[in-house]
Amino acid sequence: MDEIKLTEIKEANLERFAGEIIRGMVKNEQDTKVARFRILNQYAKKGEILFTGSSLMEQFPVQELMMDLGMDKIIYNRGIGGFTSDDMLLHMDEQVFGTEPSVIFINIGTNDLADASDSFEAQLGKLLVNYEKILCQIKDRLPQAKVYLMAYYPVNESAKEEAGWGASMFVNRNNKNLPVANREVQKLAEKMGYAFIDVNEGLTDEQGMLKAEYTVEGIHMYANGYRIVLDNLKKYL
């Protein structure tokens with residue numbers, strides 16, 4: 001075996017090992033958040049507003065932005081970064097039922113769609129099955145709750161031109177596929193008797209991409225992007 005081939009094998013093994021370490025660290029962090037929410041929910045005021053989902057919800061600084069707007073609302077945020085719909089189904093008590101909310105805003109599924117191990121159509125199909133299971137549980141246990149399914153935010157795909165994780169993240173999760181996913185989530189909301197809301201107006205540039213000044217790396221947003229979302233969202237609060 002020549003030296004070049006050995007080097008390639010070593011690099012592949014190092015990359016795989018590093019990936020396993022990172023995945024383990026992320027899983028430990030997620031487990032810690034779940035445990036914290038489980039305890040924190042014991043002190044939650046019942047019948048308030050809940051934001052839940054993955055990192056796009058977790059990173060929404062809604063309380064601070066509401067203070068800036070002079071809004072007096074109690075909102076519990078139970079988003080967990082990196083969560084898929086599978087993860088949420090495993091932790092419905094911590095992410096939904098523990099606060100016994102009267103109003104629920106959900107943004108879950110972009111990590112499902114971002115998984116490039118299968119086609120977008122396949123990943124969307126799996127997501128919709130899980131999403132319906134999530135909503136059925138809510139309808140069963142919180143029948144009086146108002147539920148809002150949020151449209152997925154646009155992305156800025158220029159990040160895929162950069163080195164690192166960018167390219168793979170946008171294989172399925174891109175501005176061609178996300179509107180398709182939004183239409184299917186809207187159909188699901190209608191089927192379940194819930195509301196679908198698109199609060200993305202003002203987030204995109206002239207190319208239809210998430211504005212560069214709003215995004216960290218093409219997907220997640222800074223507070224200025226979330227301020228736009230909150231301006232669009234506040235009529236539902």
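Please refer to the structure higher up on the page.
Keep in mind that this is a model prediction, so the values were computed, not measured. (Residues numbered from 1 in each chain as written. Predicted model: local features only at pLDDT ≥ 70, side-chain atom pairs only at ≥ 80, totals over all residues. Heavy atoms only, no water.)

## Here's the deal with the environment of Val96
So, point 1. When you line up the elements, Val96 lands in the loop between helix H5 (92-95) and strand S3 (103-107).
So, point 2. Between the alpha carbons of Val96 and Leu142 there is a distance of 9.6 Å; along the sequence they are 46 residues apart.
So, point 3. For Val96, the residues in contact, after removing those within four places along its chain, are Leu50, Thr52, Met88, Pro101, Ile104, Ile138 and Leu142. (Helix = DSSP H or I, 4+ residues; strand = E, 2+ residues; numbered from the N terminus. Contact = heavy atoms within 4.5 Å.)

## Comments concerning the sheet that holds strand S2 (residues 75-77)
So, point 1. An order of S2-S1-S3-S4-S5 is seen for the 5 strands of this open sheet, with the pairing classed as parallel. Of all strands in the sheet, those bounded by a partner on one side alone are S2 and strand S5 (195-197). Taken pair by pair, the neighbouring strands of this sheet meet at an average axis angle of 25 degrees, ignoring direction.
So, point 2. Relative to S5, strand S4 (residues 146-150) is paired through 3 bridges, and the arrangement is parallel. (Pairing = 2+ DSSP bridges. Axes fitted to C-alpha atoms, helices over the stretch in contact; angles between N-to-C directions.)

## Some remarks on the pattern of salt bridges
So, point 1. Considering all chains together, one arrives at 12 salt bridges under this definition.
So, point 2. Note that Asp68 and Arg227 form a salt bridge whose closest N and O atoms lie 2.6 Å from each other. Of the two residues, Asp68 sits in helix H3 (residues 62-69) while Arg227 sits in helix H10 (residues 223-233), which places them 159 residues apart along the sequence.
So, point 3. Taking relative accessible area as the criterion, Asp68 reaches 55% and is therefore assigned exposed.
So, point 4. The class for Arg227 is partly exposed, based on a relative accessible area of 26%.
So, point 5. One salt bridge connects Glu184 with Lys187, and the closest N-O pair in it is separated by 3.2 Å. Of this pair, Glu184 and Lys187 both sit in helix H9 (residues 178-192), 3 residues apart, roughly one helical turn.
So, point 6. The exposure class of Glu184 is partly exposed, given its relative accessible area of 26%.
So, point 7. Each of the salt bridges in this network shares a partner with another, and the network as a whole consists of Asp68, Arg227, Asp231 and Lys234. (Salt bridge = Lys/Arg side-chain N within 4 Å of Asp/Glu carboxyl O. Buried < 20%, exposed > 50% of the residue type's maximum accessible area, 1.4 Å probe, protein only.)

## Topic: the packing of helix H7 (residues 120-141) against H9
So, point 1. Two elements in contact, H7 and H9, have axes whose closest approach is 11 Å; the angle formed by their N-to-C orientations is 25 degrees. Taken together, H7 and H9 sit at an angle that is classed as roughly parallel. Viewed along their axes, H7 and H9 form a crossing whose handedness is right-handed. Mapping the contact onto sequence places Phe120, Leu124, Leu128, Tyr131, Glu132, Leu135, Cys136 and Lys139 in H7 and Val180, Ala181, Glu184, Val185, Leu188, Lys191 and Met192 in H9.
So, point 2. Taken together, the residues that form the contact of H7 with H9 break down as 11 nonpolar, no polar and 4 charged. (Parallel < 35°, antiparallel > 145°, perpendicular 65-115°, else oblique. Left-handed = near helix turned anticlockwise from the far one by under 90°. Nonpolar A, V, L, I, M, F, W, Y, C, P; charged D, E, K, R; others polar.)

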